[in-house]
Amino acid sequence: MPLYNQLKEYRSKLGINQTDLGKMAGVSRQTISLIERGDYSPSVTLALKLAKICEVKVEDIFQYEEDES
Amino acid sequence: MKEKQGNKPNSYGKLMKRMLIYLGIGGVCGFFVGIFMTFGVKNGMSDLSDLVRPLALPIIAVIFVVSIVLMEFYSRKLKDTMKHLEEAEDEQYEVLSYEEEKYGAMLMNCNVISQVCDFIVLSFTFSRSWLEEASGKELAGFLAACVLFCINFFLYGYYQMRYVKMVQAAHPEKRGDMNSKNFQKDWMASCDEAEKEMVYQSAYKAYTALGKMLQILLCATMLLHLVFHTGILAVIVVGVVYLTMTLTYNRSCVSLQKAKLNL
């Protein structure tokens, strides 16, 4: 799925680790790790939660880009 | 539209080709079975069973030892991996997560394979008719095999419980008591969306693999019964499992759709 994200950058700005972000968002550290690697696309609910924690809009963290092919 | 119409005959044609190939494979197998029956074992399973019976106790003992060694090995690997999970950096955590999944899967695979082997060996080698005619020494061997079989199962249950407790220690958000009948429900409820997604994908893979396997097994058990008198029960059991799996899946799909309509 062509969903790119800058979650790691925003998390670093907040100064928290994956475990803490996971606890704040109600998910496991593994899920945060998967999202940051781009291996998992979060649900709308989780994306909104993460955006709220990072105090930005969802579009600032997640970008959808179509493949040209 | 023309393209769509063109597709239909092609897919039926491919299906016919596949069926013919399977018929051919079946014919070749039947040819070799015929040769085997003419020159080989005439009474089928009972002859094979008599051959293996004296080895039942040693085989179960070997299964016991090998399974304990392997399960202990993977348990320790898992414990070591989980020890480092909490403090791991992001990149290291990804590797450790993968290793945790791998060692857990190997542990459970050893557990289940050993259980199945035990069942197969015990049911293959002993029967009521044999027990009625067995000598005292042979009955003692049978009793020893049964005792070892029971000990194996206690240990399998112990390792399963140990695995669950290890995971819960490393991931405190995971809920569920293995002794409770709602264990799987509670465990699933404590999984987050990414974990559930992994479960769904793996479950679907298992469903499709089982579907193919059961079709083959249904044919195989029927033919084995016809040729080697293995018993109609195997055919019935495989059929029941196939039906249960398919009906459960379809019922679940319908229920999920029904829930959306609030019916």
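On a predicted model such as this, the values are computed, not experimentally measured, just so you know.

Some remarks on the overall build of chain B
In step 1: Assigned secondary structure in chain B consists of nine helices and zero strands.
In step 2: Reading chain B from its N end, one meets helices and strands in the order α-α-α-α-α-α-α-α-α.
In step 3: Taking 2.2 N^0.38 as the reference for a compact globule, 263 residues should give roughly 18 Å; the C-alpha atoms of chain B span a radius of gyration of 24 Å, well beyond that estimate.
In step 4: Summarising its shape, the C-alpha atoms of chain B cover approximately 70 × 65 × 40 Å along the three principal directions.
In step 5: The buried share of chain B, reckoned over its 263 residues, is 24%.
In step 6: Long-range contacts, defined as pairs at least 24 residues apart, comprise 63% of the intrachain contacts of chain B with a sequence gap of at least 6.
In step 7: For chain B, the accessible area works out to roughly 18600 Å², and carbon and sulfur atoms hold 68% of it.
In step 8: Put simply, chain B has 27 plus and 25 minus side-chain charges, and the middle of one group is 12 Å from the middle of the other.

Some words on the interface of chain A and chain B
In step 1: Listed per partner, the contact involves 16 residues of chain A and 15 residues of chain B.
In step 2: A combined buried area of about 1200 Å² lies between chain A and chain B, and 41% of that area is made up of carbon and sulfur atoms.
In step 3: Applying the counting rule to chain A against chain B returns four salt bridges.
In step 4: Among the ionic pairs, A:Lys8 bridges to B:Glu91, the shortest N-O distance being 3.3 Å.
In step 5: Inspection of the region where chain A meets chain B yields eleven residue pairs in polar contact (both at pLDDT 80 or more).
In step 6: It is helix H3 (residues 29-37) of chain A that contributes the most residues to the side of chain A that touches chain B, seven residues altogether.

As for the packing of helix H3 (residues 56-83) of chain B against helix H6 (residues 136-170) of chain B
Residues and elements named next belong to chain B.
In step 1: Between H3 and H6, the shortest axis-to-axis distance is 10 Å and the interhelical angle comes to 10°. Here H3 is positioned roughly parallel relative to H6, judged by the angle of their axes.
In step 2: Classifying every residue of the contact of H3 with H6 gives 21 nonpolar, four polar and three charged.

Examining the nonpolar core
Nonpolar side chains in soluble globular proteins tend to be buried together.
In step 1: B:Leu78, B:Leu107 and B:Phe126 are the most contacted members of the largest nonpolar core, which totals 32 residues.
In step 2: Elements with a contribution of two residues or more to this core: H3, helix H4 (90-125), H6 and helix H7 (183-189) of chain B.
In step 3: It is H6(B) that contributes the most residues to this core, ten residues altogether.
In step 4: Counting residues in hydrophobic clusters, the runner-up holds 19 residues, among them A:Tyr10, A:Ile32, A:Ala51 and A:Cys54.

What to know about H6(B)
In step 1: The terminal C-alpha atoms of H6(B) lie 51 Å apart, and with 35 residues this matches the ideal 51 Å at 1.5 Å per residue to within 8%.
In step 2: Those residues of H6(B) that are buried lie in contact with H3, H4, helix H5 (128-133) and H7 of chain B.

Quick look at the pattern of salt bridges
In step 1: One pass over the full model with this rule turns up eleven salt bridges over all chains.
In step 2: A salt bridge links B:Glu94 to A:Arg37; its shortest N-O distance comes to 4.0 Å. Here B:Glu94, found in helix H4, pairs with A:Arg37, found in helix H3, and the two come from separate chains.
In step 3: Here B:Arg76 makes a salt bridge to B:Glu72, at a shortest N to O gap of 3.1 Å. In this pair, B:Arg76 and B:Glu72 both sit in helix H3, four residues apart, roughly one turn of the helix.
In step 4: Owing to a relative accessible area of 55%, B:Arg76 belongs among the exposed residues under this scheme.
In step 5: Each of the salt bridges in this network shares a partner with another, and the network as a whole consists of A:Arg11, A:Arg29, A:Glu36 and B:Asp90.

Side note on the state of the cysteines
In step 1: Applying the stated criterion across every chain yields a total of zero disulfides over all chains.
In step 2: A disulfide-free cysteine, B:Cys146 has its sulfur positioned 6.7 Å from the sulfur of B:Cys150, the nearest such atom.

Structural notes on the layout of surface pockets
With a probe scaled to a water molecule rolled over the atoms, the places where space remains empty come into view.
All names here are of chain B.
In step 1: Its volume calculated, the largest pocket comes out at about 1100 Å³.
In step 2: Contributing to the lining of the largest pocket are 24 residues, with Glu101, Met108, Tyr163, Trp187 and Val199 lying nearest its centre.
In step 3: Broken down by secondary-structure element, the contributors of at least two residues to the lining of the largest pocket are H4, H6, H7 and helix H8 (193-228).
In step 4: When residues in the lining of the largest pocket are grouped by element, the largest group, six residues, is from H4.
In step 5: Of the residues belonging to the lining of the largest pocket, the class tally is 13 nonpolar, seven polar and four charged.

Some points on unusual backbone geometry
In step 1: Backbone geometry places A:Glu55, a non-glycine residue, at a positive phi of 60°.
In step 2: With respect to the helices and strands, the residue A:Glu55 is situated in the loop between helix H4 (44-54) and helix H5 (58-61).

Describing the confidence of the model for chain B
Residues and elements named next belong to chain B.
In step 1: The share of residues in chain B with pLDDT of 70 or more is 93%, and the mean pLDDT across the chain is 87.
In step 2: In the model of chain B, helix H2 (residues 45-52) stands out as the element of lowest mean pLDDT, 72, in contrast to helix H9 (residues 232-260), which has the highest, 94.
In step 3: Here the complex is predicted with pTM 0.79, and the ipTM for its interfaces comes to 0.84.

Basis of the calculations
Residues numbered from 1 in each chain as written. Chains lettered and ligands numbered in written order. Predicted model: local features only at pLDDT ≥ 70, side-chain atom pairs only at ≥ 80, totals over all residues. Heavy atoms only, no water. Helix = DSSP H or I, 4+ residues; strand = E, 2+ residues; numbered from the N terminus. Rg over C-alpha atoms; globule rule 2.2 N^0.38 Å. Buried < 20%, exposed > 50% of the residue type's maximum accessible area, 1.4 Å probe, protein only. Contact = heavy atoms within 4.5 Å. Areas by Shrake-Rupley, 256 points an atom, 1.4 Å probe, with all protein chains shown as cover. Lys, Arg positive; Asp, Glu negative; His and termini not counted. Charge placed at Lys NZ, Arg CZ, Asp CG, Glu CD. Buried area = accessible area lost by both parts, 1.4 Å probe. Salt bridge = Lys/Arg side-chain N within 4 Å of Asp/Glu carboxyl O. Polar contact = N/O pair within 3.5 Å; in protein donor to acceptor, adjacent residues only side chain to side chain. Axes fitted to C-alpha atoms, helices over the stretch in contact; angles between N-to-C directions. Parallel < 35°, antiparallel > 145°, perpendicular 65-115°, else oblique. Nonpolar A, V, L, I, M, F, W, Y, C, P; charged D, E, K, R; others polar. Core = buried A, V, L, I, M, F, W, Y, C linked by side-chain atoms within 4.5 Å. Expected span 1.5 Å × (residues − 1). Disulfide = S-S within 2.5 Å. 1 Å grid on protein atoms, 1.4 Å probe; cavity = no way out; pocket = protein on both sides within 12 Å on 5 of 7 lines; lining within 4 Å. Points joined across faces, edges and corners; volume = space filled by probe spheres on them. pLDDT = per-residue confidence, 0-100.

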